Amino acid sequence: MRSAICNEIFQGWSFADAAKFVRATGYAGLEIAPFTLAQSPSDISAAQRSDYRDILKSEGLSFVGLHWLMVSPKGLHVTTPDGALRARSWRHIRDLIDLCADLGADGVMVFGSPAQRSTVDGSTVAEATARYVDGLSSVANQAEQRGVTILVEALPIAQANVVNTLAEAASIVRQIGSPAIQTMFDTHNAVDEVEPHAALVEEYFDIIRHVHVNEMDGKHPSMGDYDFKPVLRTLERLGYRGWVSLEAFDFSFGAERIARESIDYLNREMAASE
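What counts and what doesn't
- Residues numbered from 1 in each chain as written.
- Predicted model: local features only at pLDDT ≥ 70, side-chain atom pairs only at ≥ 80, totals over all residues.
- Heavy atoms only, no water.
- Helix = DSSP H or I, 4+ residues; strand = E, 2+ residues; numbered from the N terminus.
- Rg over C-alpha atoms; globule rule 2.2 N^0.38 Å.
- Buried < 20%, exposed > 50% of the residue type's maximum accessible area, 1.4 Å probe, protein only.
- Contact = heavy atoms within 4.5 Å.
- Lys, Arg positive; Asp, Glu negative; His and termini not counted.
- Charge placed at Lys NZ, Arg CZ, Asp CG, Glu CD.
- Arc of directions from axis to C-beta.
- Polar contact = N/O pair within 3.5 Å; in protein donor to acceptor, adjacent residues only side chain to side chain.
- Core = buried A, V, L, I, M, F, W, Y, C linked by side-chain atoms within 4.5 Å.
- Pairing = 2+ DSSP bridges.
- Right-handed = clockwise from strand over helix to strand, strands pointing away.
- Axes fitted to C-alpha atoms, helices over the stretch in contact; angles between N-to-C directions.

A. Local environment of the overall build of the chain. Of regular secondary structure, the chain possesses eight helices and eight strands. On C-alpha atoms alone, the chain measures out to a radius of gyration of 18 Å, which is about the 19 Å that the 2.2 N^0.38 rule sets for 274 residues. Principal axes of the C-alpha set define a box for the chain whose edges measure 50 × 45 × 35 Å. For the chain, the residues scored as buried account for 54% of the 274 residues in total. Relative to all contacts within the chain whose residues are 6 or more apart in sequence, the contacts with residues 24 or more apart total 79%. Computed over 24 positive and 37 negative side-chain charges, the inter-centroid distance for the chain is 4 Å.

The structure is reproduced here in structure tokens:
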């Protein structure tokens, strides 16, 4: 397992300074929220993409992938019955696939985006889910050709009403049947799951390509009472070699403290799980 951190906690930092601190703190990879780079992926020039890639390389960091895919530009929606808006939204996903591939090899795209995939304008959950599947199918070949893996992220019902469980995410992955469309596990977003989280990881391990860790209230690990050891132990036993990436939602503690406390705590948890 490899430790990574999501970059949006470094608000007000330059990309280079954030990368330097992340590596010095002990992380091996950086996961990027594209809205921290530009409003739209099409605004990021080839030269800028090369610069970001070079900064990561110079620090000895791996590019992990992208998450928070649809924070900007505003107004996009991938399951809307509005065909023109839906097409524009999936064009954005295609642009993100290219950005992801340009930033580094073997990147993942964590597709959460609750507000941009939930039902709108009278659609049923089944209709919205079918449009989501159609959209993912339409970009799967591009993702595969560019070496990018799109991850269908299950979200709790309080956030979205389309794809709420890992079982539902797995059903979509298997329906599409592309190696470029897989799923992931997020401790925070598994709040509505009925099965123990370690059991879920074991059941769907064959299609889990990424792991996000945070406390159930969104704070960084060590700030709550979530027991990470069963999940970490299961990943280790099954031979997981992907990223365990910190995604915190409460930035009030400051980037330095969040990064340091999280990796120290998770390293202890990993050691205790062996």
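B. Summary view of helix H1 (residues 15–25). When we look at burial in H1, the residues that qualify are Phe15, Ala18, Ala19, Phe21, Val22 and Thr25. Down the axis of H1, the smallest arc covering the buried residues is 165°, so these residues share one side. On its buried side, H1 packs onto strand S1 (2–6), strand S2 (29–32), helix H2 (46–59) and helix H8 (255–273). In the segment just after H1, Gly26 is the residue with positive phi, at about 115°.

C. Looking closely at the side chain of Thr25. Take Thr25: it is sitting in helix H1. A distance of 2.6 Å separates the side chain of Thr25 from the backbone oxygen of Phe21, its partner in a polar contact. In contact with Thr25, not counting residues within four places along its chain, are Ala259, Arg260 and Ile263.

D. Expanded view of the nonpolar core. Formed by 79 residues in total, the largest nonpolar core has its most connected members in Leu66, Ile93, Met109, Phe111 and Leu136. Residue contributions to this core peak at nine residues, all from helix H3 (residues 83–103). With residues near it in sequence (within four places) discarded, Ile93 still touches Leu69, Met70, Met109, Phe111 and Val139.

E. Layout of the pairing of strand S3 (residues 62–66). Buried residues dominate S3, accounting for four of its five residues. Bridge count for S2 against S3 is four bridges, and the pairing is parallel. Each bridged residue has a counterpart across the sheet, and for Leu30 the counterpart in S3 is Phe63. Viewed along the sheet, the connection from S2 through H2 into S3 turns out right-handed. Direction of pairing for S3 relative to strand S4 (residues 108–111): parallel, over a ladder of two bridges. The residue of S4 that forms the bridge with Leu66 is Met109.

F. Here's a closer look at the sheet that holds strand S7 (residues 208–213). Pairing is parallel in the closed barrel, where eight strands are placed in the order S1-S2-S3-S4-S5-S6-S7-S8. Each neighbouring strand pair of the sheet contributes to a mean axis angle of 30°, computed without reference to strand direction. Sheet topology places S1 next to S2; three bridges connect them, and they run parallel. Opposite Ala4, over in S2, you have Gly29 as the bridge partner.

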